[in-house]
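Coordinate inspection notes
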Amino acid sequence: MSKVKIGLVQMSCTADKAANLRKAMDKIREAAAEGAQIVCLQELFTSLYFCDVEDYENFKLAEAIPGPSTEALGKLAAELNVVVIASLFEKRAQGLYHNTTAVLDADGSYLGKYRKMHIPDDPAYYEKFYFTPGDLGYKIFRTKYANIGVLICWDQWYPEAARITALMGAEILFYPTAIGWATSQDEATNTEQYNAWQTIQRSHAVANGVHVVSVNRVGLEQDGAMKFWGGSFVANPFGSLLYKATHDAEETKVVEIDTTATDRYRTHWPFMRDRRIDSYQPITKRYIDEG
């Protein structure tokens, strides 16, 4: 299909995992009622963003994938004839956990999962305590409506991840995300950080000639110390914004995109054609020095 309606669910979360899942499912229904064919949920939507602390109790939030959440979402996907992109905390085995996104096709079938490759470790984002880096590589999912690529949050900052996923045939890049501002921070810094976050992802759209969809959570967490900044958006293959959410409110938005635009952008601005793949070997080094 060339024209695809994308649903973005930007929402706040609570400590009640079951309630968060029900809320997300209600919002998927809202998006489907507005014509959405592919619905993307934010990163780790079934819980608060628990990586603000290193607490062993939080491992109890994890589940198998496929598992209870994907089963419930798969039934909903089949009922509504929509594709669902669901970011979950995966328990792979005892003591082995991943930050993982599952994809359910429009018939409810489980298409597979992508495990987050780049894992941050920053104040209030202690993800290395919880998540083993992904070992499935970069992936695309051939859904009923489009071939999609899924990356997760910290992956957003890496052009290599976007490039490889696009080269695999992704028509749309999706980024489920959880990122926010410390409420003690000044407004100028807030603006600069959000602009950097949005700009790097829009650059992936331009460099690869594909639409980019980024879905972030919203609301105060961590006893009011963290404000997740929302600002979910859709960018076309030239980086132009087709939609941008607010920083303060929950939103369920449906945006129609035309995947055939990729061919027009890639032929008029042929960045893909002009790649010098014979010269890129040094990119596999940690740092290029005499050593």
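Residues numbered from 1 in each chain as written. Predicted model: local features only at pLDDT ≥ 70, side-chain atom pairs only at ≥ 80, totals over all residues. Heavy atoms only, no water.

1. Some remarks on the packing of aromatic side chains
Selection rule: Within 6.5 Å between ring centres, the rings of Phe, Tyr and Trp (the latter by its six-membered ring) count as paired, and their orientation is classed by plane angle as stacked under 30 degrees, edge-to-face over 60, tilted in between. Per the convention used, a helix needs a DSSP run of H or I reaching at least four residues, while a strand needs a run of E reaching at least two, with both numbered from the N terminus. Cation placement over rings: the criterion is NZ of Lys or CZ of Arg within 6 Å of the ring centroid and within 35° of the ring normal.
Applying the stated rule across the entire model yields 26 aromatic pairs. Between Phe50 and Phe89, the aromatic rings sit 4.9 Å apart at their centres with planes inclined by 25 degrees, giving stacked as the arrangement. Here Phe50 is found in the loop between strand 2 (38–41) and helix 2 (68–80), whereas its partner Phe89 is found in strand 3 (residues 83–93), with 39 residues between them in sequence. Through pairs of rings, three or more aromatic residues link up here, namely Phe50, Tyr56, Phe59, Phe89, Tyr97, Phe129, Tyr130 and Phe131. Here the guanidinium or amino end of Arg217 rests over the ring plane of Phe228, the centre of that ring lying 5.5 Å away.

2. Thoughts on the environment of Glu127
Short version of the rule: The contact criterion used is simple: two residues touch if any of their non-hydrogen atoms lie within 4.5 Å. Polar contacts, as used here, are pairs of N or O atoms within 3.5 Å; protein pairs need one atom able to donate a hydrogen and one able to accept it. Residues neighboring in sequence count only if both atoms are side-chain atoms.
One can find Glu127 in the loop between strand 7 (125–126) and strand 8 (140–142). Note: C-alpha distance between Glu127 and Asn99 (28 residues apart in sequence) is 8.8 Å. Not counting chain neighbours up to four residues away, the residues in contact with Glu127 comprise Glu43, Tyr49, Cys51, Asn99, Lys116, Ile119 and Pro120. A distance of 2.7 Å separates the side chain of Glu127 from the side chain of Tyr49, its partner in a polar contact.

3. Topic: the pattern of salt bridges
Inclusion rule: Here, a salt bridge means any Lys or Arg side-chain nitrogen found within 4 Å of an Asp or Glu carboxyl oxygen.
Following the criterion strictly, the structure yields 16 salt bridges and no others. Across the pair Asp248 and Lys227 runs a salt bridge, and its minimum N-O distance is 2.6 Å. With Asp248 in the loop between strand 16 (241–244) and strand 17 (251–258) and Lys227 in strand 14 (residues 226–229), the pair connects residues that are 21 residues apart, well separated along the chain. A cluster of three or more residues bridged by salt bridges with shared partners is formed by Glu90, Arg92, Lys113, Arg115 and Asp135.

4. Description of the nonpolar core
Burial of nonpolar side chains together is a common tendency in soluble globular proteins. Definition in use: Residues enter a nonpolar core if they are buried and are Ala, Val, Leu, Ile, Met, Phe, Trp, Tyr or Cys, with the set joined through side-chain atoms within 4.5 Å. Working definition: with a 1.4 Å probe on protein chains only, accessible area under 20% of the residue-type maximum means buried, over 50% means exposed, and in between means partly exposed.
In terms of nonpolar packing, the biggest core is built from 60 residues, with Ile6, Ile38, Phe89, Ile148 and Phe174 touching the most fellow members. With four residues, the top contributor of residues to this core is strand 10 (residues 172–177). Those residues within four positions of Ile148 in sequence are excluded, and the remaining contacts are Ile38, Ile85, Val103, Lys139, Ile140, Phe141, Thr143, Ala170, Ile172 and Phe174. In this structure, Ala36, Leu73, Leu88 and Val254 belong to the second largest nonpolar core, which totals 24 residues.

5. Quick look at the sheet that holds strand 13 (residues 218–221)
Counted only if it meets this: Whether two strands pair comes down to DSSP finding at least two bridges between them. A fitted line through C-alpha atoms represents every axis, and for helices the fit uses only the stretch in contact; the resulting angles, taken between N-to-C directions, go from 0 to 180 degrees.
With respect to topology, three strands assemble into an open sheet ordered 11-14-13, the strand pairing being antiparallel. Since the sheet does not close on itself, it has two edges, and those belong to strand 11 (180–182) and strand 13, each with one partner. Across the sheet, the axes of successive neighbouring strands diverge by a mean angle of 20 degrees, strand direction being ignored. Of the pairings in the sheet, the one linking strand 13 to strand 14 comprises four bridges and is antiparallel in character. Residue pairing across strands places Glu221 opposite Met226, the latter belonging to strand 14.

6. Let's talk about the side chain of Asn208
Structurally, the position occupied by Asn208 is in helix 4 (residues 187–208). The class for Asn208 is buried, based on a relative accessible area of 2%. Engagement of the side chain of Asn208 in a polar contact is seen with the side chain of Arg163, the distance being 2.9 Å.

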